Every structure is written in C-alpha cells, then in structure tokens.
Amino acid sequence: MGARVFIDGEAGTTGLQIRARLQERSSIELLSLDDSQRKDAVHRARLLNAADLVILCLPDAAAREAVSLLENPETRVIDASTAHRTDPDWVFGFPELDARQAELVAKARFVSNPGCYSTGAIALIRPLIDAGLLQPDFPLTINGVSGYSGGGRGMIESYEDESSPNYTTRAFHTYGLGLHHKHVPEIVARGGLTQRPIFVPSVARYSQGMLVQVPLQLGALAAKPSVAAIHAAISAHYAGQRFVSVASLEEAARCATALDPRALNGTNDMRLYVFGDEELGQAVLVAQLDNLGKGASGAAVQNLNLMLGLTADEGLETRAAAE
Ligand SMILES: NC(=O)C1=CN([C@@H]2O[C@H](COP(=O)(O)OP(=O)(O)OC[C@H]3O[C@@H](n4cnc5c(N)ncnc54)[C@H](OP(=O)(O)O)[C@@H]3O)[C@@H](O)[C@H]2O)C=CC1
Ligand SMILES: CC(=O)N[C@@H](CCC(=O)OP(=O)(O)O)C(=O)O
C-alpha cells in the first residue's frame, strides 16, 4: 500500500493540480473528503490525523487551523500557504536553496513552500549572497508579472466568468504598491538579505506563468562584479539540479527581445537568465517559471517525493519531457 496523502484544500487551484499530479501513482494512496465535508473541521481533522503526509492548499488562516488540528505525531506536513514560510520551526521547501536544503526537506516533519514570486526572487538572489557578490544590505528592487491563476479561484473567476460581480476586462495591472506584499518577508529571510527590497508585482491577462526580475547596477555593488561573474555564480549554484537551470549568456542574448512567462507552463522547471552589458555595468536577472508548477503544485510534489523517498521526478513534467 502507498503512503496516505491528504490534500487539505484539494478543490482549489493548487490542490487540484497536486491531485492531478498524484492520482495515478501507485506509491500514493490519496485520502479525500467529499464536497459537503471539505470545510468541516471534524472531517478534516480525521484525515489530517490519518495521513502519513498532508499538503495544505488553503488560505493562511485555514492552514494554521489545520496545523492546530494535528494530534498524530507521525503526520508530516507540506504547507503551500504563506502561514509558516519564515517560521524557524519549519523547513523552507526550496530544495535548491543551498547544498543542504534537499536533505533538510527529506527529513523534515514540517515543510513550508515558498510563494511563486519568492521562488524566482530567492533563486536569483541567494547564489549571489552566498558567493559574496551581493551584500545582504544592498537596496534591491524586484519586479514580477504573473498570470491571473496566481490569485487562486477568486481571481480566475474575475477574468474568466463574465457573470462574476468582479469580472474584469483589464489587460494588465500593477499591484502591491503599498510595498507590503506578503512575499517580502520570506524573500528577506530565505534570500539571505538584511535590507527589505522594493517588490512590485503585476498581473496580465493570461492564465498561467510568470517572470520575476531583479535589475542590478553592478557599479553600486560593493564587489563590483562583472555580468560574467554573476552568471558564473548562479550557474555554479544550480549545477546538476534537475528542476532549476541557467541559460547561457548566449541564449539570454538571443531571448533579450522577448521572454515568454508561459514557456515552462505544465512543468516543474525554473529557468534563470542573466541579461547584461559589461560596458554599461548593468544586469537584469530573470526567473521564468509556472506559478502553478515550480511556484506551487510542482514544488509540493517535488518535496513530497523527497520526504517519502520516492523518485525525484515522479509525477513531474520537465521541459524536456513536455516538448
Ligand atoms: N495560485 C498560486 O499560484 C499559488 C498559491 N499558493 C498558495 O496556496 C494556497 C491555496 O491557493 P490557491 O489554490 O491559489 O487558492 P484557491 O482559492 O484556488 O483554493 C483554496 C481552497 O481552499 C478552500 N478553503 C478555504 N477555506 C477552507 C477551510 N477553512 N477548510 C477547508 N478548505 C478551505 C477553498 O474553498 P472555497 O473556494 O470553497 O472557499 C479552495 O478550494 C494559498 O495559501 C496560496 O497563497 C502558493 C503558491 C502559488
Ligand atoms: C497574481 C497574484 O495575486 N498572486 C498572489 C501570490 C501567489 C502566490 O505565490 O501565492 P502565495 O504566496 O499565497 O502562496 C499574490 O500576489 O497575492
């Protein structure tokens, strides 16, 4: 019999995608509630405590409630919400963070996955901090664009359901301009920063896929690195990784006129690019990922595979396989 897995919030955007990635697997036995029970704390508690591993795909308050309902000390948890991402008692669910993280995830009882924008931002920033090319107190700016599925069921409805009271025909909007986006604390804590970056996200009128950008004036960095040194540090950090890859500088130059946020949709891949000009002393680092893949459900399945000792890419598409 396979490991018993309960997805709390399985009817939502992230939950449904995790379910699709797990349901055909003989190594997994999915525990499930029917629609009339899925928000009932008594039924949820029953499955939360019957499972070997639960994945929380819930709003933050419901994720906290789920943890409070746990009585079985053997039940392990992956939380997709923001509730525990900077909690020191939870292991951060980005296995490529550094050389030790995959093993920490594999052994953990409580794993808190990064947000979708944070996955891209941390992936770009952390290697430069670790290599000493970016000082932790550097005043960074980060920009992002996401498909509307990043806002979950409510936002999807507002773009796709003309009868919804929130229906919008907007092509594009920037948000988070109060500068308190919920991903900033985890970008600081897990990226290795001491200075809060300015993060400006946006949503465009397409469903899925994102770009996260970190512009850098290289002369303003204490280490004054070249574009090539930045690229070398990021490439070395992810050497041998299955799901995070770094485009060569030549490939980046070829996509400098158009980078598609949807290119990796349906996969658990994240592709990192370093664009730049040595003479100008300027660079723009970009992460390309599926907000619902490596940004959410793919990351959850990747961590589940690690925690249960299963094959790394079981249930996960990579770009090579999707092509
Ligand atoms: N969408 C994305 O790109 C990403 C999302 N996440 C995170 O994953 C989590 C889920 O997000 P997402 O799937 O987009 O959101 P959705 O709104 O699509 O899904 C949330 C689900 O949780 C259900 N739910 C709400 N309250 C309760 C409760 N008390 N008990 C049981 N179920 C409940 C909702 O039911 P109902 O709809 O009936 O209210 C819905 O089915 C969030 O924390 C989000 O921040 C993380 C990374 C990326
Ligand atoms: C487009 C959009 O609205 N995106 C969401 C973040 C999506 C994500 O990463 O979710 P969690 O951090 O909740 O896990 C937002 O900005 O609130």
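Keep in mind the model is a prediction, meaning the values are calculated, not measured.

Asks: Can you lay out the pairing of strand 12 (residues 270–277) for me, pointing to particular residues and giving the numbers?
Replies: The buried fraction of strand 12 amounts to seven of the eight residues, a majority that puts the element mostly inside the structure. Across eight bridges, the pairing between strand 12 and strand 13 (residues 282–289) is antiparallel. Paired with D277 across the two strands is Q282, which belongs to strand 13. Linkage of strand 12 to strand 13, two consecutive antiparallel strands, is achieved through a turn of four residues, within which G281 is found at a positive phi near 65°.

Asks: An account of the UniProt feature "domain: Semialdehyde dehydrogenase NAD-binding" (unreviewed entry) in the protein is requested, with residue identities and associated values reported.
Replies: Listed under "domain: Semialdehyde dehydrogenase NAD-binding" (unreviewed entry) in the UniProt record, and renumbered for this structure, are residues 4–105. The span residues 4–105 is 33% helical and 19% strand by assignment, and the distance between its end C-alpha atoms comes to 18 Å.

Asks: Which residues make up the site of ligand 1, and what are the values?
Replies: Near ligand 1 lie 26 residues; those nearest to it are G12, T13, T14, S81 and G152. Of all the elements in the fold, those that place two or more residues in the shell around ligand 1 are helix 1 (13–22), helix 3 (60–68), helix 6 (152–160) and helix 10 (293–307). No other element matches the three residues that helix 1 contributes to the shell around ligand 1. Each of domain 1 (3–113 + 295–322) and domain 2 (116–291) accounts for three or more of the residues forming the shell around ligand 1.

How each quantity is defined
Residues numbered from 1 in each chain as written. Chains lettered and ligands numbered in written order. Predicted model: local features only at pLDDT ≥ 70, side-chain atom pairs only at ≥ 80, totals over all residues. Buried ≥ 20, exposed ≤ 12 C-beta atoms within 10 Å, placed from the backbone. Helix = DSSP H or I, 4+ residues; strand = E, 2+ residues; numbered from the N terminus. Pairing = 2+ DSSP bridges. UniProt positions renumbered as here; feature names shortened; annotations may be inferred. Near = placed C-beta within 6 Å. Domains from an automatic or database assignment.

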